[in-house]
Amino acid sequence: MSVSRKDFPEGFEFGVATAAYQIEGTRNGIVGPSHWDSYAATLGNVVNGENGDVACDHYHRYGEDLDLVRDGNFDTYRFSTAWTRVMPDGRTVNADGLAFYDRLVDAVLERGLKPSLTLYHWELPEVFADAGGWSNRDTALAFGDYARAVMDRLGDRVGAVATINEPWCIAWLSHFLGLHAPGMRNIRTATRAMHHINLAHAEGMQAIRASGSKADAGIVLNFAWPKPESDADAKAARRFDGIHNRWFLEAITKGQYPADTLDGLGPYMPDGWQDDMAAISAPIDWLGVNYYTRTTLRDLPGAVWPAFEDVPGPLPKTDMGWEIYPDGLGDMLTRIARDYTGDTPIIVTENGMAGDDHLDGQTCDDPVRVQYFDDHLQSVLRSIKQGTPVRGYYAWSLLDNYEWSFGYDKRFGIVYVDYATQARYPKASYHALKDAIG
Ligand code: FCB
């Protein structure tokens, strides 16, 4: 790699990220059902009908996995707690579940790593899904109770905490595009989820602060660089940008929603939403930015709002079909700080790619991923040089894992997982990052 730790400011954190449902194995310990279980059990939703029952068996193998994080010279381990493990019925604390996360956090600290906790990375307890899920305001209120239970137990030891991972995926991808659990396609349901997920963030922030935890508290948003297919598609790209990028950022930093997005969503908003905006924009200590790709937009004149579609772009693509566009990361970081977050520290909480990875004996060569990391880190550096307060960069992901609707088909790890044996094999990208940040 062309970059190394010394190119970055003093104290810059390198990390790796994971999420509970994608690695732990829900058959391990006591775990209640989540909407991902029933979504995956519905024919046609997930490749091979796969689910998180076994995943990477991280529940039993976390020690070995955290050794890999330490030995890779990383500083931070980003993970999530599962609401369904902490509260299998959504509301009652399960001592066995909290005890697992207690052991996990201690194991992270014992290895000299900083624990960075995400409270919601998508496994909504079914009891809430049955009552309308994120389209129901009560789900956001219940999330606050769950957040408090986790912080009361772990808040004295985690260095950072994020309320929600990727509200756009939770609301729009899952309720408008129908591509994640619960797989709905309805603008009213989606709009309500677009607001209630921000309310959940507000409830989560209040719970974190009330717990007395000193952890830096924030939220993780996902961004895609909007690219009009041609000059005629500029307005379509702007509409996409409103839904995907500005809706959450503007709510959290300015306490308002973008006017161009309210043009479409306004009629479906829950009554009294304006009264929630002050809590939604309570100060955060840091912003997490997930970035993978850009999106090319084509206008659909005459179609119903938002009247655009995304179309394949010309750049080389990852195994997900996502264009590799490193400039979009630095440009987005610069834009976020300049227009929204100012001096608030930003951490790149996810960046990485799925590759067509194969094991050759004990090794796995993934040169495209090495180049991907190198180019994106260079892009981060350019933004830092422009004055953006970027304080860390976490690779997605430590392990190959359950990639949601794509099941185990897509491999994002810097460590290869042989699912038949659960053996772990660090890929060339793991070694490249280890050398670069050593
Ligand atoms: C992000 C998710 C993460 C993983 C990566 C590839 O949207 O936060 O769980 O699926 O994409």
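Since we're looking at a predicted model, the values are computed, not measured.

Novice: Hey, could you run me through the packing of helix H8 (residues 167-175) against helix H10 (residues 234-254) in this one?
Specialist: A pair of packed helices is captured by two measures, namely the crossing angle of their axes and the spacing between those axes. Running from amino to carboxyl end, H8 crosses H10 at an angle of 135°, the nearest separation of the two axes being 10 Å. One finds that H8 runs oblique with respect to H10. Taken as a pair, H8 and H10 cross one another with a handedness that is right-handed. In this structure, H8 uses Pro167, Trp168 and Trp172 to contact H10, whose residues at the interface are Ile243, His244 and Phe248. By residue class, the composition of the contact of H8 with H10 is five nonpolar, one polar and no charged.

Novice: Would you mind showing me how to read the layout of surface pockets here?
Specialist: Which parts of space are left empty comes out when a probe the size of a water molecule is rolled across the atoms. If you add up the space inside the largest pocket, you get close to 1200 Å³. Lining the largest pocket we find 49 residues, and of these Trp168, Leu173, His244, Thr295 and Trp322 sit closest to its centre. Secondary-structure elements contributing two or more residues to the lining of the largest pocket are H8, strand S5 (216-228), H10, strand S6 (286-299) and strand S7 (308-311). By residue number, the principal contributor to the lining of the largest pocket is S6, which donates six residues. A volume near 160 Å³ is recorded for the second largest pocket.

Novice: Would you explain the nonpolar core in this entry?
Specialist: For soluble globular proteins, the rule of thumb is that nonpolar side chains tend to be buried together. Trp83, Trp134, Phe143 and Val380 are the most contacted members of the largest nonpolar core, which totals 137 residues. Per-element accounting of this core gives the leading share, ten residues, to helix H9 (residues 187-211). Dropping the residues within four chain positions of it, Phe143 is found in contact with Trp83, Leu119, Tyr120, Trp134, Thr163, Ile164, Ala200 and Gly204. Among the nonpolar cores identified, the runner-up in size contains six residues, and Ala160, Trp286, Ile347 and Tyr394 belong to it.

Calculation notes
Residue indices follow the written sequence of each chain, beginning from 1 at its first position. With pLDDT at 70 or above as the cut-off, local features in this predicted model cover only qualifying residues; side-chain atom pairs require 80 or more to be listed or tallied, and sums for whole chains, interfaces and linings still use all residues. Here the side-chain values reflect all heavy atoms present in the structure, with hydrogen atoms and water set aside. Helix axes use the C-alpha atoms of the stretch in contact, all axes being lines fitted to C-alpha atoms, and the angles between their N-to-C directions lie in the range 0 to 180 degrees. Strands here are runs of E lasting at least two residues and helices are runs of H or I lasting at least four, both read from the DSSP assignment and numbered beginning at the N terminus. In these notes the angle categories are as follows: under 35 degrees is roughly parallel, over 145 is roughly antiparallel, 65 to 115 is roughly perpendicular, and the rest is oblique. Note: crossing handedness is left-handed where the near helix turns anticlockwise from the far helix by less than a right angle, and right-handed where it turns clockwise. It only takes one pair of heavy atoms within 4.5 Å for two residues to be counted as in contact. Throughout, the ten residues Ala, Val, Leu, Ile, Met, Phe, Trp, Tyr, Cys and Pro are labelled nonpolar, Asp, Glu, Lys and Arg are labelled charged, and all others, Gly among them, are labelled polar. A 1.4 Å probe that fits but cannot get out identifies a cavity on a 1 Å grid over protein atoms alone, an open set with protein on both sides within 12 Å along at least five of seven lines counts as a pocket, and a residue lines either if it has an atom within 4 Å of a point. Grid points are joined across faces, edges and corners, and a volume is the space filled by probe spheres set on the points. We call a set of buried Ala, Val, Leu, Ile, Met, Phe, Trp, Tyr and Cys residues a nonpolar core when their side-chain atoms join them within 4.5 Å. Partly exposed residues are those whose accessible area sits between 20% and 50% of the maximum for their type, while under 20% is buried and over 50% is exposed, using a 1.4 Å probe and protein chains only.

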